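For reference, the chains in residue letters:
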Amino acid sequence: MNLTINGKPLIFVADAAKPLLWVVRENAGLTGTKFGCGIGMCGACTVYVDGRPERSCVTPVSAVEGKSITTIEGLSPGTNHAIQRAWIEHDVPQCGYCQSGMVMAAAALLQRHPQPTNAQIDETMSNLCRCATYQRVRAAIHTAAKYKD
Amino acid sequence: MTQNRRAFMKSGLILGAGLFVPLAPSVAGVVAAVSEQELNDWVWIASTGDITLGLSQCEAGQGVYTGLPQVLADELDADWTQIKVRFVTNRDAYRTSAAHEPLQQFVGASMSMTLFYERLRVAGAQAREVLLKAGATRMGVRPSQCTTRDSRVLHAATGRSVGYGEIASDAARMPLSSSPRLKAPSVFRLIGRDLHRLDTLAKVNGSAQFGIDVQVPGMLYGAVRMVPGQSGAIRGIRNEAEVKALPGVVALVLTSQWPKPTINTVVVVADSYWTAQQAANKLELDVEPGVAADLHSTRILQQRKQALDNDAAAVVASHLGDAAAVFGKPCARIVSTDYHTSYLTHATMEPVCATADFRQSEVEVWGSIQGQDMVREWVSRLFQMPQAKVIVNTTFLGGSFGRKYVPDYVLHAVAASKAVGCPVKVIRSREDDTRHGYYCPAMSGRLRAVLGADGMPEALHARVVGQSLYGAIKVDKVKEAGGWDETMVEALYDLVYQVPNLTVDAIDVKQPIPVSFMRSVGSTSSVFFLESFISLLAREVGMDDYQYRRKLLAANPAALRVLDHVADVGGWRTAPAQGVYRGMAFNVYTGRGEAFQTLVAMMVELQVAKDGSPKVLRVVCGVDCGRAVNPGLIRANIEGGIGFALTNTLKSAITFADGVVQQSNFHDYPLLSLAEMPSIEVLILDSDRPPQGCGEVSLAPTAPAVASALFRATGQRQHSMPFEF
């Protein structure tokens, strides 16, 4: 099977049903994308497939064959994305486990809505965070929107 | 090629790229680089000037990765922008004890800062003193003419300075003072400042390594399949041969779930987690159900309700005056209410997971580990290995809240590795993590008061019944106390409110359910009971949450200070907007064995939707946790604690039927979402007291404050958690 991950081609052998999450983590060795629930509910596994955010734990790799995958490691190699800079300014992460997915989801939101309202943030940001960093996530999204101006 | 290596190759490795990311040196225990000088148990300085600070407390989100090095770096006068943090283990310097128990390295009970503040100050000051002397010697001047700052020794008179790196080896040879002079707080450069967290960068770019991310050469993967219920043994695997023959499957390893010796777990070892989990799901187990086969939440609650009436079985935890006599007076104005909470699970975002390599004469483990010595003790006991031969590597923890102190998942990895002869990383699925947890036990409480003519309680009787945590895992503590478990009666047995006659008693209603510590432990229940009841009494006599508590705390200026500040900033005395309702609660959190005292007051504002469900809009939380080492970290813990508590309060519970946990994943154990998160204002009150714990303190007051606001809104009292509406 073949994929492109963060711009690099990947050729590998795997079960067609193997979720993209585990191909990314095991076959590609990229552990930034996390496993939280396996049923697409928590968002810790969020990657981009051809630029669109997807929950990779419920995406069989056969469904994305030949496509271009972006993981958290590929979002901004210098950790310079507006979302990442805002996350650092606000010290958003606590344990940090959900934050790869959270950052990917927030970056995608900002792409679609450069000046997101709180209602848009509420609707879109369904990633779960057990540490409940949500207040800072919201504040950091607004900050990132300002950076991008 | 060995069987294992062949199986591993089949997993489909990418061609050409480096697959194995070696563990960063920062998580490999105390591994000193070649040119590093060790000044003491906490400080390593390389000739290049790189300073590495030891961290003994695992980082699980509470912020110790930043807060503790901050203390050390201040006394050391290290350049904060240049320091690195290394997780350290396996020395007595890193061990401590909660409530007079044997020394161990662990995190728990919000005690890291309280326990390590002085220790790290001494370590930093010790190292600074020898560096200063070495620097002075190097410059040919007297130490009294020198100062230290930003990793340099300075001689003001000549403007010369020398970096710590240049003199580290001289300093390392000098004897350390056991009582070095500590800085006066007025000259702290780092302590007290809102320094940015050191681990944020790694946590926003995917590079931070958690237990689940560990990769070691030759590693296989394991998934777990356990008996379905809370008890039982595996008698056989009906399709063992078929599952073993599945492509990629290497072995089926039978083992047990700590602390029970019963064989109740299969670890499926395979060449990828996915393969292992699919195979584990296919297993057909023959299970002998065991004593918990008919465990049912309805019956568990029934047993607690019966216990509430069981005067004969109640063990008195504390008493003041003669509450019974006051209750016995004719015409006593008695108010009495029963409350109930539910079993809860930690639901860490990172499911439990560990990697182990069982070698001939030693075992090495890597993972999200909250109790390093717990792991050593139990690996040693169960695998006949001297503790000194158990190497423990700790990564970042993807949440713990107490869960990862239990060594079960590490022992599974060790068993798997021993069976297959190579390293194995065992990952628990969310379903298994939920169904086979170590739960926070449910409680029931009966609060009764006799109200005096002034409306204040003349007598209070509080009874808490339920599955005792200490009764299950720290039986000696129960004996020591005289037959009761302090966690069940937190904030009751050491009541902060002035009540002249008080009896607090408790009954252990045993259940065959694994239980353990969960963030805020028994206070989740006992403070829900107490604070709900106090608010109830207030309303009985026509006072509000704030006024009534003010009177009860009249003799406690420290408590009043926090309560008043929250009322002031919260705007308690001015009416809220139309449709917005308020509640207030107060708590003194004391950790375990009264290790510290943190005072918390909380005001909640909410609206109620047409369907009766609450939307919590705003929380104002005041906290006196002694000296604030890093206010940002405290605020994060308070904010996060409220969010954590709202899941317990409004959304989720663990229930049992036919011996099996009914929940399995986030669709039936939902967590608070971003849209449901209130806006939180944290007020940190100044204090000269040494730092007190703050990791758990905002949880307990949340439920009763919300309940009180809800009552104002709807006239309905909340007797059970999670709330019903």
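Since we're looking at a predicted model, the values are computed, not measured.

1. A closer look at the overall build of chain B
- Tallying secondary structure elements over chain B gives 19 helices and 27 strands in all.
- For chain B, whose C-alpha radius of gyration is 27 Å, the value lies close to the compact-globule estimate of 27 Å for 725 residues.
- The burial tally for chain B puts 64% of its 725 residues in the buried class.
- A separation threshold of at least 6 residues defines the contact pool for chain B, and within that pool the share at least 24 residues apart is 76%.
- Here chain B displays about 25700 Å² of accessible surface, and carbon together with sulfur accounts for 53% of that area.
- Chain B carries 70 positive and 69 negative side-chain charges, and their two centres are separated by 3 Å.

2. Quick word on helix α3 (residues 112-139) of chain B
Residues and elements named next belong to chain B.
- Along its 28 residues, α3 runs 39 Å from first to last C-alpha, staying within 8% of the 40 Å computed at 1.5 Å per residue.
- The sharpest bend along α3 reaches about 30° and sits at Glu118.
- In the segment just after α3, Gly140 is the residue with positive phi, at about 70°.

3. Notes on the sheet that holds strand β4 (residues 52-55) of chain A
Residue and element names in this part refer to chain A.
- Read from one edge to the other, the open sheet built from 5 strands follows the order β2-β1-β5-β3-β4, with strand pairing classed as mixed. If you trace the sheet from one side to the other, it starts and ends with β2 (8-11) and β4, each paired once. Pairs of neighbouring strands in the sheet enclose a mean axial angle of 35°, with direction left out of account.
- The sheet contact formed by strand β1 (residues 2-5) and β2 spans 4 bridges and is antiparallel.

4. A closer look at the confidence of the model for chain B
All names here are of chain B.
- Of all residues in chain B, 95% have pLDDT values of 70 or greater, and the mean over the chain is 94.
- Overall, residues 1-30 carries pLDDT values under 50, and its contacts beyond four positions in sequence, including any with other chains, amount to 64 contacts.
- Scored by ipTM, the complex comes to 0.98, with pTM at 0.95.

5. Digging into the interface of chain B and chain A
- With 66 residues of chain B at the interface, the matching set in chain A holds 51 residues.
- Together, the buried faces of chain B and chain A total about 4800 Å²; carbon and sulfur atoms form 59% of this surface.
- Summed over the shared surface of chain B and chain A, the number is 3 salt bridges.
- A salt bridge links Lys34 of chain A to Asp213 of chain B; its shortest N-O distance comes to 2.5 Å.
- Across the contact surface, chain B and chain A share 23 residue pairs in polar contact (both at pLDDT 80 or more).

6. Side note on the packing of aromatic side chains
All names here are of chain B.
- Going through the model one piece at a time under the given rule, you end up with 23 aromatic pairs over all chains.
- Where Trp42 meets Tyr94, the ring centres are 4.9 Å apart and the plane angle is 80°; that geometry is what we call edge-to-face. Of this pair, Trp42 sits in the loop between β1 (36-38) and β2 (43-46) while Tyr94 sits in the loop between β4 (83-87) and α3, and the two are 52 residues apart along the sequence. Residues Trp42 and Tyr94 agree in their burial class; the two are buried.
- Between Phe401 and Phe644, the ring centres sit 4.6 Å apart and the planes meet at 55°, which makes this aromatic pair tilted. Taken together, the residues span a long stretch of sequence, with Phe401 in the loop between β17 (390-394) and α11 (408-420) and Phe644 in helix α18 (residues 631-651) at a distance of 243 residues. The same class applies to Phe401 and to Phe644, which are both buried.

7. With respect to the sheet that holds strand β23 (residues 598-608) of chain B
Residues and elements named next belong to chain B.
- Read across the open sheet, the 4 strands follow the order β22-β23-β24-β27; overall the sheet is mixed. In this open sheet, the two strands that pair with only one neighbour each are β22 (581-589) and β27 (679-684). Shown here is a sheet whose adjacent strand axes are inclined to one another by a mean of 15°, direction ignored.
- Pairing geometry for strand β24 (residues 614-624) and β27, over 6 bridges, is parallel.

8. Examining the pattern of salt bridges
Residues and elements named next belong to chain B.
- The full count for this structure, using the stated rule, is 56 salt bridges over all chains.
- A salt bridge links Arg91 to Glu38; its shortest N-O distance comes to 3.0 Å. Residue Arg91 is found in the loop between β4 and α3, and its partner Glu38 is found in strand β1; the two are separated by 53 residues along the sequence.
- Residue classification places Arg91 among the partly exposed positions, given a relative accessible area of 23%.

9. With respect to the side chain of Asp271 of chain B
All names here are of chain B.
- Among the secondary structure elements, Asp271 is positioned in the loop between β11 (263-270) and α7 (273-282).
- Given a relative accessible area of 6%, Asp271 falls into the buried group.
- Side-chain polar atoms of Asp271 contact the side chain of Thr275, separated by 3.5 Å.

10. Some points on helix α2 (residues 64-76) of chain B
All names here are of chain B.
- The terminal C-alpha atoms of α2, which comprises 13 residues, lie 18 Å apart, in line with the 18 Å expected from a rise of 1.5 Å per residue.
- Counting buried positions over the 13 residues of α2 gives 13, a clear majority of the element.
- Following α2 by one or two positions, Asp77 adopts a phi angle in the positive range, close to 60°.

11. Quick notes on the nonpolar core
- Counting residues in each nonpolar core, the largest one holds 278 residues, and the members touching the most others are Trp87, Met125 and Ile141 of chain A together with Val269 and Val489 of chain B.
- Element by element, the count of residues in this core is highest for α3 of chain B, at 12 residues.
- Once you skip the residues sitting within four places of it in the chain, Val489 of chain B turns out to touch Ala317, Val464, Trp484, Val504, Asp505, Ala506 and Ser526 of chain B.
- Counting 13 residues, the second largest nonpolar core, distinct from the first, contains Phe12, Leu20, Val24 and Val64 of chain A.

12. Here's the deal with the state of the cysteines
Residues and elements named next belong to chain A.
- Under the criterion given, the structure shown has 0 disulfides over all chains.
- Here Cys131 is not disulfide-linked; the sulfur of Cys95 is the nearest cysteine sulfur, at 3.8 Å.
- Look at Cys131 and you get buried, because its relative accessible area is 4%.

13. A short note on unusual backbone geometry
Residues and elements named next belong to chain B.
- Residue Pro259 is bonded to the preceding Trp258 through a cis peptide linkage, with omega at 0°.
- Positionally, Pro259 belongs in the loop between β10 (249-256) and β11.
- Met721 connects to Pro722 through a cis peptide bond whose omega is -5°.
- Not every positive phi belongs to a glycine, and Ser520 is a case in point at roughly 80°.
- Considering the arrangement of structural elements, one finds Ser520 in the loop between β21 (501-508) and α15 (523-540).
- With a relative accessible area of 0%, Ser520 lands in the buried category.
- Its identity as a non-glycine residue notwithstanding, Asp658 has a phi of 50°, on the positive side.
- Examined against the element boundaries, Asp658 turns out to sit in the loop between β25 (656-657) and β26 (660-661).

Each value, and the rule that gives it
Residues numbered from 1 in each chain as written. Chains lettered and ligands numbered in written order. Predicted model: local features only at pLDDT ≥ 70, side-chain atom pairs only at ≥ 80, totals over all residues. Heavy atoms only, no water. Helix = DSSP H or I, 4+ residues; strand = E, 2+ residues; numbered from the N terminus. Rg over C-alpha atoms; globule rule 2.2 N^0.38 Å. Buried < 20%, exposed > 50% of the residue type's maximum accessible area, 1.4 Å probe, protein only. Contact = heavy atoms within 4.5 Å. Areas by Shrake-Rupley, 256 points an atom, 1.4 Å probe, with all protein chains shown as cover. Lys, Arg positive; Asp, Glu negative; His and termini not counted. Charge placed at Lys NZ, Arg CZ, Asp CG, Glu CD. Expected span 1.5 Å × (residues − 1). Bend = angle between axes of the 7 residues up to and from the residue. Pairing = 2+ DSSP bridges. Axes fitted to C-alpha atoms, helices over the stretch in contact; angles between N-to-C directions. pLDDT = per-residue confidence, 0-100. Buried area = accessible area lost by both parts, 1.4 Å probe. Salt bridge = Lys/Arg side-chain N within 4 Å of Asp/Glu carboxyl O. Polar contact = N/O pair within 3.5 Å; in protein donor to acceptor, adjacent residues only side chain to side chain. Phe/Tyr/Trp six-rings, centres within 6.5 Å; stacked < 30°, edge-to-face > 60°. Core = buried A, V, L, I, M, F, W, Y, C linked by side-chain atoms within 4.5 Å. Disulfide = S-S within 2.5 Å.

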